[in-house]
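Structure assessment
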Amino acid sequence: MGKRREGREAAVQYLYQIDLNGEVQPGNADSFWALRSGPGKAPVQAKTRVFTEALVQGVTAHLEEIDGWIKKYTANYEISRLAAVDRNSLRVAIYEMLHSLDVAPVVIINEAIEIAKKFGTDKSGGFVNGILDSVKKEIGRPARQPASPTKSS
């Protein structure tokens, strides 16, 4: 699995943990990473952890804006009623579409679909795809190319 995919998966899981706790609490990061790299699991590489934490911080900093996009395309459906995996997969992907201009929207959408399918229900992938496709169309970014040059690794 690529470092960015692993980072996105971890971000969805980290945001899920925050959802369960109701808010970011001191020590959340330490307890999350301790569980993620516990016995029998491969240690998380520093680059992956940095990428994950940047996504989580970005989502939490822009949560109202991101949830506004989700609400717009889930008319008559409260955010809190969405499955936590779907909700957080959408949040990470929408954050990236709006703020990670070095990644093409189709890559972001595909990653979100795969993560939703892996951790969600049978219908999660289609649901996430439908919402993100609508967001992509409205923001008007070219689907298959980044809006800015790719950062070097």
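Preceding block: the structure.
Residues numbered from 1 in each chain as written. Predicted model: local features only at pLDDT ≥ 70, side-chain atom pairs only at ≥ 80, totals over all residues. Heavy atoms only, no water.

Turning our eyes to something else, we now look at the overall build of the protein. A tally of helices and strands in the protein yields seven helices and zero strands. Element order for the protein, N to C, with α for helix and β for strand: α-α-α-α-α-α-α. The proportion of buried residues among the 153 residues of the protein is 42%. Taking contacts inside the protein between residues at least 6 apart in sequence as the whole, the part at least 24 apart equals 71%. In the form shown here, the protein has an accessible surface area of approximately 8,300 Å², with 51% of it arising from carbon and sulfur atoms. (Helix = DSSP H or I, 4+ residues; strand = E, 2+ residues; numbered from the N terminus. Buried < 20%, exposed > 50% of the residue type's maximum accessible area, 1.4 Å probe, protein only. Contact = heavy atoms within 4.5 Å. Areas by Shrake-Rupley, 256 points an atom, 1.4 Å probe, with all protein chains shown as cover.)

If you check helix 7 (residues 124–139), its first and last C-alpha atoms are 22 Å apart, about what 16 residues at 1.5 Å a residue would give, namely 22 Å. When helix 7 is considered as a whole, its buried residues turn out to be S124, G125, V128, I131, L132, V135 and K136. One side of helix 7 holds all its buried residues, which, seen down the axis, span an arc of 140 degrees. Across helix 7 from its buried face, at more than 90 degrees, point the exposed residues G126 and K137. Lining the buried residues of helix 7 we find helix 4 (63–73), helix 5 (84–99) and helix 6 (105–119). (Expected span 1.5 Å × (residues − 1). Arc of directions from axis to C-beta.)

What follows is about the packing of aromatic side chains. Per the stated rule, a full pass over the model turns up one aromatic pair. Ring geometry for Y14 against F32: centres 4.8 Å apart, planes inclined by 20 degrees, an arrangement best described as stacked. Placement of Y14 in helix 1 (residues 3–21) and of F32 in helix 2 (residues 28–36) is noted, with a sequence separation of 18 residues between them. Residues Y14 and F32 agree in their burial class; the two are buried. Positioned above the aromatic ring of Y77, the side-chain terminus of R81 is 4.6 Å from the ring centre. (Phe/Tyr/Trp six-rings, centres within 6.5 Å; stacked < 30°, edge-to-face > 60°. Lys NZ or Arg CZ within 6 Å of the ring centre and 35° of its normal.)

Turning our attention to the nonpolar core. Formed by 36 residues in total, the largest nonpolar core has its most connected members in I70, V92, I94, V128 and L132. For this core, the secondary structure elements donating two or more residues are helix 1, helix 2, helix 3 (46–61), helix 4, helix 5, helix 6 and helix 7. Aside from chain neighbours lying at most four places away, what touches L132 is L90, A93, I94, M97, I109 and A112. (Core = buried A, V, L, I, M, F, W, Y, C linked by side-chain atoms within 4.5 Å.)

Turning our attention to the pattern of salt bridges. Evaluated as defined, the whole model comprises 13 salt bridges. A salt bridge links D133 to K136; the shortest N-O distance between them is 3.5 Å. Taken as a pair, D133 and K136 lie in helix 7 at a separation of three residues, close to a single helical turn. Residue K136 is classed as buried on the basis of its relative accessible area, which comes to 15%. When the shortest N-O distance is used, the salt bridge between D133 and K137 registers 3.2 Å. With D133 and K137 both in helix 7, this residue pair falls four residues apart, about one helical turn. Taking the relative accessible area as the measure of exposure, K137 reaches 59% and is therefore exposed. (Salt bridge = Lys/Arg side-chain N within 4 Å of Asp/Glu carboxyl O.)

As a further point, take the environment of I70. In this fold, I70 is placed in helix 4. You can call I70 buried: its relative accessible area is 0%. Linking I70 and R91, residues 21 residues apart in sequence, is a C-alpha distance of 8.0 Å. Apart from residues lying up to four places away in sequence, I70 is in contact with I79, L82, R87, L90, R91 and I94.

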